[in-house]
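Listed below, chain by chain, are the residues.
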Amino acid sequence: MYKSLRNLFRHFDGHALQRQVEEELQFHIEMRAQDYQKEGFDYEDSLERAKLRFGDFAMVKRQCVEISAKNSVGIWILKVLFTISFLLGVLIKSVTPELNTTRIGSVLMMIGIFGGLLLIGKTIRMRDFKSAPEPLRLGLHSIADSIPLAFDEKGRTPFERVQADD
Amino acid sequence: MRRTRTDLMQGTLELMILKTLAREEMHGYGIAQRIHEAVEDLLKVEDGSLYPALYRMEERGWISSEWGASENNRRAKYYKLTRAGRQQLAAESVNWDRISRAVMKVLQAS
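Draft legend 1. The arrangement of helix α2 (residues 28-39) of chain B in detail. Residues and elements named next belong to chain B. A rise of 1.5 Å per residue sets the reference length of α2, with its 12 residues, at 16 Å; its end C-alpha atoms lie 17 Å apart and thus fit the reference within 8%. Here α2 has its buried residues at Gly-28, Tyr-29, Gly-30, Ile-31 and Ala-32. Following α2 by one or two positions, Glu-40 has its phi on the positive side, about 50°.

Draft legend 2. Structural view of the pairing of strand β3 (residues 63-69) of chain B. Residues and elements named next belong to chain B. Examined bridge by bridge, β3 and strand β4 (residues 75-81) share 7 bridges and lie antiparallel to one another. Its bridge partner being in β4, Ile-63 is matched across the sheet by Leu-81. Between β3 and β4, which follow one another and run antiparallel, lie 5 residues, and Asn-73 among them has a positive phi close to 65°.

Draft legend 3. Structural context of the nonpolar core. Among the nonpolar cores identified, the biggest contains 25 residues, and Ile-17, Leu-21, Leu-50, Tyr-51, Leu-54 and Ile-63 of chain B are the most heavily contacted of them. Only α2 (14-38) and α4 (57-70) of chain A together with α1 (12-23), α2, α3 (50-60) and β4 of chain B provide two or more residues apiece to this core. Considering each element in turn, this core owes the most residues, 6 residues, to α3 of chain B. Beyond its immediate stretch of four places on either side in the chain, Ile-63 of chain B contacts Leu-21, Leu-54, Met-57, Glu-58, Tyr-79, Lys-80, Leu-81, Thr-82 and Gly-85 of chain B.

Draft legend 4. Looking closely at the confidence of the model for chain B. All names here are of chain B. Here chain B shows a mean pLDDT of 88. Residues at 70 or above account for 90%. Under a pLDDT of 50 for its full length, residues 1-6 has, in the predicted model, 12 contacts with residues more than four places off or in other chains. Interface confidence in the predicted complex, given as ipTM, is 0.86; pTM for the same model is 0.64.

Draft legend 5. Highlighting the packing of α1 of chain B against helix α4 (residues 83-109) of chain B. Residues and elements named next belong to chain B. At a minimum axis distance of 10 Å, the contact between α1 and α4 shows a crossing angle of 125°. It follows that α1 is oblique to α4 by the angle criterion. Along this stretch, α1 crosses α4, giving a crossing that reads as left-handed. On α4, the residues touching Leu-15, Leu-18, Lys-19 and Ala-22 of α1 are Gly-85, Gln-88, Leu-89, Glu-92 and Trp-96. Across the contact of α1 with α4, the residue classes break down as 5 nonpolar, 2 polar and 2 charged.

Draft legend 6. Up close: the pairing of β4 of chain B. Pairing between strand β1 (residues 26-27) of chain B and β4 of chain B: 2 bridges, direction antiparallel. Bridging across to β4 of chain B, His-27 of chain B finds its partner in Tyr-78 of chain B.

Draft legend 7. Quick peek at the confidence of the model for chain A. All names here are of chain A. Summing up the model confidence of chain A, the mean pLDDT is 71 and the portion of residues at 70 or higher is 57%. Between the elements of chain A, mean pLDDT differs from a low of 38, seen in strand β1 (residues 140-142), to a high of 94, seen in helix α3 (residues 43-54). Every residue in residues 127-151 is under pLDDT 50, and counting partners more than four places away or in other chains gives 50 contacts.

Cut-offs used in this document
Residues numbered from 1 in each chain as written. Chains lettered and ligands numbered in written order. Predicted model: local features only at pLDDT ≥ 70, side-chain atom pairs only at ≥ 80, totals over all residues. Helix = DSSP H or I, 4+ residues; strand = E, 2+ residues; numbered from the N terminus. Expected span 1.5 Å × (residues − 1). Buried ≥ 20, exposed ≤ 12 C-beta atoms within 10 Å, placed from the backbone. Pairing = 2+ DSSP bridges. Core = buried A, V, L, I, M, F, W, Y, C linked by C-beta atoms within 7 Å. Contact = placed C-beta atoms within 7 Å. pLDDT = per-residue confidence, 0-100. Axes fitted to C-alpha atoms, helices over the stretch in contact; angles between N-to-C directions. Parallel < 35°, antiparallel > 145°, perpendicular 65-115°, else oblique. Left-handed = near helix turned anticlockwise from the far one by under 90°. Nonpolar A, V, L, I, M, F, W, Y, C, P; charged D, E, K, R; others polar.

Set out below in structure tokens:
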């Protein structure tokens, strides 16, 4: 229970999320560097090779943070809370004509509207710095360079054509 | 211009990750190493490309993750297959087999 709550609150904290992603990626690079060192490379060279093999660290980190943040439980709960507060506000305003209650309704509606707008704004900002359009197509290189693939006019491989035709 | 880069078909990396995790839970580096060993240098997967795929798969509910201690006592994030992931692996394996047989037929015909 405690663990779930802790994870839930971590989702609200963007910096914590970034730190976690960075720690995970850094761990990967350090493990790779250690393996290179075992092969006989010195520390500097090992680290350099590990970084090269990893690819664009900053881009991978951004993608991971974005995927986590966009679909986190925290964001989902916020959306639900804002929607509920908006609907509650509408309900209070329409059902009770008294001045004070109407004010409460207005406040709740405003919370819902502004909260929703903030979430939309956050999503748009995240889309802006999304730099790799096709993350699953990154970095697979054929060793058999001498074997050309039969690309069609759209640049699709035979695999992709078969899948598209299905 | 000759193209020397083989693009991964959508979902191929995910299928390799699912299959790798079917045996045991692993951290990202372990997954990368296992895939690297399995493909025997026929393909070179850029290490970093693994992570967005892992995060996406977790978001889809195919895998789950938990922080733990690695073999060298470092903090590492371990991934394991969920029930939905096992179902996905079964479905994608069948799909992959169908596609590869179809491509072979095309290649053999021409």
